[in-house]
Amino acid sequence: KKTNILVSMGGTDENNMMELVINSLRTINEIFKATIIVGSGYPYLEQLKKTLEEVHFEFELYQNPKNIAEVMSTTSCAIISFGQTAYELAALNIPALYLCLTNDHEDSAQLFVKEGIGKLLGIYSDVKHHEIVEAITHLLIENEVIEKMSNCAKSLNNSLCQSTSGYSSGFNPC
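Remember, it's a predicted structure, so these values are computed and weren't measured experimentally.

Novice: Explain helix α6 (residues 129–141) here, please?
Specialist: The α-helix winds at 3.6 residues per turn, so residues separated by three or four positions along the chain end up facing the same way. With 13 residues, α6 should cover 18 Å at 1.5 Å per step; its first-to-last C-alpha distance of 18 Å lies within 8% of that length. Of all the positions in α6, only Ile132, Val133, Ala135, Ile136, Thr137, Leu139 and Leu140 are classed as buried.

Okay, structure coming up:
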């Protein structure tokens, strides 16, 4: 089965981290599909479309999809800008590689790393192209790593659901 990698750098991605990631994906020889999500405020859409004309991998490009959880749930793993998406992916049991904008994002991402559901690449301005390539290639070659990280997310979600079974508000996310 072809690994489907979600690529999402947040709603606006003002630093255009997407370009760094897509250019890294272009150099990977393994077979995979990329599901790319950009927000409605993404200012580099035309540039991204031109770059995608030259890639060797299969991809789907979404801008501000209404059914984002549905789109995310079709993927095997992700490379994302750490933020709200990290929590959404964790709830869907989808492991991720995290690029961080700030030191506090990097600190927050450590919780996901500690739980075994993600890997921290670091502050994006310090991350080198080859580090992204190596991390993604590792996931593609060592497919059991994705499964193990996904199982860690399932265990975490199960334990959270058990501890929240007494919701009085009527809302239970589990």
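Novice: So what exactly am I meant to see when it comes to the pattern of salt bridges here?
Specialist: Side chains that differ in sign of charge can pair as their charged atoms come close. Evaluated as defined, the whole model comprises four salt bridges. The partner of Lys2 in a salt bridge is Glu58, and the shortest N-O contact between them spans 2.7 Å. Placement of the pair is Lys2 in the segment before β1 (3–8) and Glu58 in strand β3 (residues 58–63), with a sequence separation of 56 residues. We classify Lys2 as partly exposed; its relative accessible area is 39%.

Novice: Could you clarify how one ought to interpret unusual backbone geometry in this entry?
Specialist: Glycine aside, a negative phi is what most residues show, and trans is what most peptide bonds show. Not every positive phi belongs to a glycine, and Asp13 is a case in point at roughly 45°. Inspection of the secondary structure puts Asp13 in the loop between β1 and α1 (17–25). Of note in the backbone geometry, Asn93 takes a positive phi value of approximately 65° without being a glycine. On the secondary structure map, Asn93 appears in the loop between α4 (84–91) and β5 (96–100).

Novice: I tried to follow the side chain of Asp13 on my own but got confused; where do I start?
Specialist: Within the buried core, Asp13 has no salt-bridge partner, and the shortest N-O distance to an opposite charge, that of Arg26, equals 14 Å. Within the structure, the side chain of Asp13 is placed 2.8 Å from the backbone nitrogen of Met17, a separation counted as a polar contact. There is a polar contact of 3.0 Å between the side chain of Asp13 and the backbone nitrogen of Met18. Each residue touching Asp13, except ones within four places of it in the same chain, is listed here: Met18, Tyr42 and Tyr44.

Novice: Sorry, what's going on with the packing of α1 against helix α2 (residues 45–52) here?
Specialist: Between two packed helices, both the angle of their axes relative to each other and the distance between the axes serve to describe the pair. Between α1 and α2, the least distance of the axes is 11 Å, while the angle of their chain directions is 5°. Taken together, the axes of α1 and α2 lie roughly parallel to each other. Residue-level inspection shows Met18, Glu19, Ile22 and Asn23 of α1 in contact with α2, the latter providing Gln47, Leu48, Thr51 and Leu52. Residues of the contact of α1 with α2, tallied by class, amount to four nonpolar, three polar and one charged.

Novice: Got a minute to help me understand the environment of Ile123 in this structure?
Specialist: Considering the arrangement of structural elements, one finds Ile123 in strand β6 (residues 118–123). Look at Ile123 and you get buried, because its relative accessible area is 11%. Expressed as a C-alpha distance, the spacing of Ile123 and Ser40, which sit 83 residues apart in the sequence, is 24 Å. Look past the residues within four positions of Ile123 in its chain and what remains in contact with it is Cys100, Leu101, Thr102, Asn103 and Glu106.

Novice: How should the packing of aromatic side chains be read in this particular structure?
Specialist: Two aromatic rings, taken as a pair, are described by how far apart their centres are and by the angle between their planes. Under the defined criterion, the tally for this structure stands at seven aromatic pairs. Measuring from centroid to centroid gives 5.4 Å for Phe82 and Phe112, while their planes differ by 75°, and the two rings are edge-to-face. Linking Phe82 in the loop between β4 (77–81) and α4 with Phe112 in helix α5 (residues 103–114), this pair joins segments that are 30 residues apart in sequence. Judged by relative accessible area, which is 4%, Phe112 ranks as buried. A network of ring pairs unites the aromatic residues Phe82, Tyr87, Tyr98 and Phe112 as a single cluster.

Calculation criteria
- Residues numbered from 1 in each chain as written.
- Predicted model: local features only at pLDDT ≥ 70, side-chain atom pairs only at ≥ 80, totals over all residues.
- Heavy atoms only, no water.
- Helix = DSSP H or I, 4+ residues; strand = E, 2+ residues; numbered from the N terminus.
- Expected span 1.5 Å × (residues − 1).
- Buried < 20%, exposed > 50% of the residue type's maximum accessible area, 1.4 Å probe, protein only.
- Salt bridge = Lys/Arg side-chain N within 4 Å of Asp/Glu carboxyl O.
- Lys, Arg positive; Asp, Glu negative; His and termini not counted.
- Polar contact = N/O pair within 3.5 Å; in protein donor to acceptor, adjacent residues only side chain to side chain.
- Contact = heavy atoms within 4.5 Å.
- Axes fitted to C-alpha atoms, helices over the stretch in contact; angles between N-to-C directions.
- Parallel < 35°, antiparallel > 145°, perpendicular 65-115°, else oblique.
- Nonpolar A, V, L, I, M, F, W, Y, C, P; charged D, E, K, R; others polar.
- Phe/Tyr/Trp six-rings, centres within 6.5 Å; stacked < 30°, edge-to-face > 60°.

What is shown is where atoms sit, not what they do.
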